Amino acid sequence: MTSTGLTADDLRGQVREFLAAHDPAAMQPLDFLRARFDAGLAWVHYPPRLGGQGLSRDLQQAVDAEFAAARAPGNHPERNGIGLGMAAPTILAYGNDEQQKRWLRPLWTGEEVWCQLFSEPGAGSDLAGLATRAMQDGEQWVVSGQKVWTSVAHLARWGLLVARSNPDVPKHAGLTYFACDMTAPGIEVRPLRQMTGEAEFNEVFLTDVAIPDSDRIGAVGEGWKVANATLMSERVAIGGGAVPREGGMIGAAARTWRQRPELRTPGLHDRILRLWADAEVARLAGVRLRQQLAAGKPGPEGSGAKLVFARLNQEISEFEVELSGSDGLRYEDWTMRRPEGANFYGRDPGYRFLRARGNSIEGGTSEILRNIVAERVLGLPSEIRVDKGVPWKDLPR
């Protein structure tokens, strides 16, 4: 029971009443999703009038299960994972009332896809060293620079942008955070073809892009604080997602193991048992992480979850290729495409093996995440920083 007195059964009753008045088979999917948002049944832990009811995050599962049983249309989270997992919590935490009302509803319904304009060619792991410049000109900002590894930028209507607004202060202090209209003049999106053959990533060039000051999220110069909220949410979204037992990558390996007994060897048997156990431990740790989130904001624990996620995906996909024997050398399709996201489960083991290589880079490199866990979870001494207190413009680049 929550502080408001509502239980999971109460919410199931709300969903049934909603479905009685909104037949998903008779309504357009977008109209249905808009009505669900307005009824506070989108994400129940969000405030009233922003798609929720101010309840516990744990109650969302009951709501989603009722809608799934009714075959109600979904909002395609695989297409807008950055929006749902990173943009929404950032806007909720740091956006003003007008921004929350303007962006959260079309974000949740899937009308507006979001991307993340963070990494740069010269500032990947060292995000605070970024060079994209934002100069204020009256009631707007003029932004120029380059971003890289931008997932689904080719589909996005909005981008979460961190830019340097003051080069005369230390690098962490001179950043400001914006929502960038991806249809604005001066934005060019180019595909980055990956070793999978596809290009879900992009590089984005910004040339004198005008951003209204009303699209700034957080105070001027506090972009690093806002960006950290996004990054913590990102790592939880990647590594702490809810999956059933034997779900995710280990599920595909386990199915092959059961269906193809002729491929088994004693050595592979030992490996799949270890990987299955590791995946189950990671799943249970994710359950605990989400319980912690229900009581507050994501913290450094999400970095640990994402770190484990990357390692397991790579080890399991390696196992799958070996289990496949000679078929593991095949690759189904290397056609250049620009997909809506990474589809780990609708492709062959070769795709999963190649795509999992990126898991230890995207969403924070494993090296950086180990530093975060060491310093913020284990309390070990910080690494020596020679740039502390030095204005960004004076740093070697």
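In this report, we go over the structure that sits alongside the text.

Digging into the overall build of the protein
Then comes step 1: Each helix and strand counted, the protein has eleven helices and seven strands in total.
Then comes step 2: By the compact-globule yardstick of 21 Å for 397 residues, the protein fits well, its C-alpha radius of gyration being 22 Å.
Then comes step 3: Viewed in the frame of its principal axes, the protein has a C-alpha envelope of about 70 × 55 × 45 Å.
Then comes step 4: Counting over 397 residues, the protein shows a buried share of 47%.
Then comes step 5: Considering only contacts within the protein whose residues lie at least 6 apart along the sequence, 71% involve residues at least 24 apart.
Then comes step 6: Carbon and sulfur atoms make up 53% of the accessible area of the protein, which amounts to about 19,100 Å² in all.
Then comes step 7: Positive and negative side-chain charges in the protein, numbering 47 and 50 respectively, have mean positions lying 3 Å apart.

What to know about the pairing of strand β2 (residues 133-137)
Then comes step 1: As defined by bridge partners, β2 adjoins strand β3 (residues 140-147) across five bridges and the pair is classed as antiparallel. Residue pairing for β3: Asp137 is matched across the bridge by Gln140.
Then comes step 2: Remark: two residues form the turn of the hairpin made by β2 and β3, two consecutive strands paired antiparallel; Gly138 in that turn has positive phi of roughly 70°.

Some details on unusual backbone geometry
Then comes step 1: Non-glycine residue Trp149 carries a positive phi angle of around 60°.
Then comes step 2: The residue Trp149 is located in the loop between β3 and β4 (158-164) in this model.
Then comes step 3: Of note, the phi angle at Asp208 is positive, near 50°, even though the residue is not glycine.
Then comes step 4: Mapped onto the fold, Asp208 is located in strand β7 (residues 201-212).
Then comes step 5: Assessed through its relative accessible area of 54%, Asp208 is described here as exposed.

Remarks on the environment of Val142
Then comes step 1: Tracing the backbone through its elements, the reader meets Val142 in strand β3.
Then comes step 2: As a C-alpha pair, Val142 and Ile217 span 75 residues in sequence and 16 Å in three-dimensional space.
Then comes step 3: Among all residues touching Val142, those that are not within four sequence positions of it are Arg133, Ala134, Met135, Asp137, Asp208 and Val209.

Some details on the pattern of salt bridges
Then comes step 1: Throughout the structure, instances matching the rule amount to 33 salt bridges.
Then comes step 2: Here Arg245 ties to Glu280 by a salt bridge, and the two come within 3.1 Å at their closest N and O atoms. Taken together, the positions of Arg245 in the loop between α6 (223-239) and α7 (249-259) and Glu280 in helix α8 (residues 266-293) put the pair 35 residues apart, joining distant regions of the chain.
Then comes step 3: A salt bridge links Arg260 to Glu262, with the nearest nitrogen and oxygen atoms 2.4 Å apart.
Then comes step 4: Overall, the relative accessible area of 34% leaves Arg260 in the partly exposed class.

What about the side chain of Arg283?
Then comes step 1: In this structure, Arg283 sits in helix α8.
Then comes step 2: Relative accessible area serves as the criterion here: at 18%, Arg283 is assigned to the buried category.
Then comes step 3: Each residue touching Arg283, except ones within four places of it in the same chain, is listed here: Val243, Pro244 and Arg245.

Reading the values: rules and limits
Residues numbered from 1 in each chain as written. Predicted model: local features only at pLDDT ≥ 70, side-chain atom pairs only at ≥ 80, totals over all residues. Heavy atoms only, no water. Helix = DSSP H or I, 4+ residues; strand = E, 2+ residues; numbered from the N terminus. Rg over C-alpha atoms; globule rule 2.2 N^0.38 Å. Buried < 20%, exposed > 50% of the residue type's maximum accessible area, 1.4 Å probe, protein only. Contact = heavy atoms within 4.5 Å. Areas by Shrake-Rupley, 256 points an atom, 1.4 Å probe, with all protein chains shown as cover. Lys, Arg positive; Asp, Glu negative; His and termini not counted. Charge placed at Lys NZ, Arg CZ, Asp CG, Glu CD. Pairing = 2+ DSSP bridges. Salt bridge = Lys/Arg side-chain N within 4 Å of Asp/Glu carboxyl O.

Limitation: the analysis is restricted to geometry and does not speak to function.
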